[in-house]
Amino acid sequence: ERAGNASLEEIVMALHVRRSYYNQFFGRQPDDERPLTGINTRQIYKSSRLVSNLTGMMVQPNKAIVGANAFSHESGIHQDGVLKHRQTYEIMDAQLIGLQDNQIVLGKLSGRAALKNRLEELGFELSHEEMDRAFTRFKDLADKKREVSDRDLEAIVNDELRLESIGQLLYSLERVQVSCGDHEVPTATVSLKTQEGKLLTEAATGTGPVDAVYKCINRIVAMPGVLTEYGLQSVTGGIDAQANVALRVEYRGRIFSGNAANTDIIVASTQAYINAMNKVLMSREFRLHAQHDELENQDAELEAVSL
């Protein structure tokens, strides 16, 4: 997976774009066009996004090859050079790692067929039910944003796939409301729905709105997990961008990750924490600990009766 401290994608692409130099070390002629590795470079970007979503570790924008700014140009001189000849400042084509230049702009007037086609180009194969959920999320987002980018679509689909991978949710978000300001005590009210359809509501104050929300959730689920990492990153640029929250919760020595994206950072933070909590509550560690506590309670009750 790695070559020392060098990332896989950088090694692979260095060997690919500098074949004329490295061919000699493989006993080939300098002009031999055969690839030097068996890696499909067009899957690099998708693989990076997949690993990021599964681990909850965000890829920094300035990361070579797979970072959001790897093929971006802000300088006027650079932009002029790229427009005239891309290889002036780009030694590789973005399509080589799986990025595609697509001129179709998706917005609130876009239909299901356009969305399905774009998701397929991005490498997503969704079932009919998954497509229904993704299309609903897409329309909701399109009402808030003028244009929906590929990264927005990735965030939407990954959100839905993550929820499906968790399985049947023990708790789902019904409502979250916060009040805060420079002269206000941050206060939150959260309502969660259980599997049985029961609505549970709690209110709390905190050092900030997110802290207040998490205290509400902790009271509802009655689970002493510890938030060890919290990260917030904009999915795209602009004031209407989605926020992607990635966090980690520790329970009895094991780490559980949670991710969510939304144009509202409080909603994204809430959903990410609920996702992590659902994983904790359905984990083997939690079930064994709960069974142990139940047995201890039964023993205490029997001892009290015998006395």
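Everything numeric in this text was worked out from a predicted model, so none of it was measured. (Residues numbered from 1 in each chain as written. Predicted model: local features only at pLDDT ≥ 70, side-chain atom pairs only at ≥ 80, totals over all residues. Heavy atoms only, no water.)

1. Looking at the overall build of the protein chain
The following threshold applies: Each helix is a run of DSSP H or I of at least 4 residues and each strand a run of E of at least 2, with the numbering of both proceeding from the N terminus. Here the term buried applies to any residue with accessible area under 20% of the maximum for its type, exposed to any over 50%, and partly exposed to those in between, with areas from a 1.4 Å probe on protein chains only. In this description, contact between two residues means that some pair of their heavy atoms is separated by no more than 4.5 Å. To be clear on the numbers: accessible area is Shrake-Rupley with a 1.4 Å probe, and residue cover counts the displayed protein chains and nothing else.
Along the protein chain, the regular secondary structure elements total ten helices and six strands. Burial statistics for the protein chain: of 307 residues in total, 35% are counted as buried. Counting only contacts in the protein chain whose residues sit at least 6 apart along the sequence, the fraction spanning at least 24 positions is 49%. For the protein chain, the accessible area works out to roughly 18,100 Å², and carbon and sulfur atoms hold 51% of it.

2. A closer look at the packing of aromatic side chains
The condition that has to hold: Here a pair means two rings of Phe, Tyr or Trp (six-membered ring of Trp) with centres within 6.5 Å. Their orientation is stacked below 30 degrees between planes, edge-to-face above 60, and tilted elsewhere.
Taken as a whole and judged by the stated rule, the model has five aromatic pairs. Between Tyr21 and Phe25 the ring centres are 5.5 Å apart and the planes differ by 65 degrees, which places this aromatic pair in the edge-to-face class. By relative accessible area, Phe25 is classed as exposed at 54%. Taking the centre distance of 6.3 Å and the plane angle of 50 degrees together, the rings of Tyr22 and Phe25 count as tilted.

3. Observations regarding the sheet that holds strand E6 (residues 254-262)
Defined as follows: In short, DSSP must find at least two bridges between two strands for them to pair. Axis angles are defined between N-to-C directions and span 0 to 180 degrees, where every axis is a line fitted to C-alpha atoms and, for a helix, only to the segment in contact.
Pairing is antiparallel in the open sheet, where three strands are placed in the order E4-E5-E6. The open sheet has two edge strands with one neighbour each: strand E4 (226-234) and E6. On average, each strand axis in the sheet is tilted by 15 degrees relative to the strand beside it, whichever way the strands run. By the bridge criterion, nine bridges tie strand E5 (residues 243-251) to E6 in an arrangement that is antiparallel. Counted as the bridge partner of Val249 is Phe256 from E6. Helix-sheet contacts for helix H9 (residues 265-281) involve E4, E5 and E6, and the interaxial angle to E6 is about 150 degrees.

4. With respect to helix H3 (residues 44-55)
Selection rule: Here a helix's expected span is defined as the number of its residues, less one, multiplied by 1.5 Å. Our arc is simply the arc of the directions from the helix axis toward the C-beta atoms.
Its twelve residues place the ends of H3 16 Å apart at the C-alpha level, agreeing with the 16 Å of an ideal helix rising 1.5 Å per residue. Looking at H3, one finds that the buried residues are Ile44, Tyr45, Ser48, Arg49, Ser52 and Asn53. Axial view of H3: buried residues confined to an arc of 165 degrees, hence all on one face.

Note that every value here comes from positions in space, so none of it alone points to a role or purpose.
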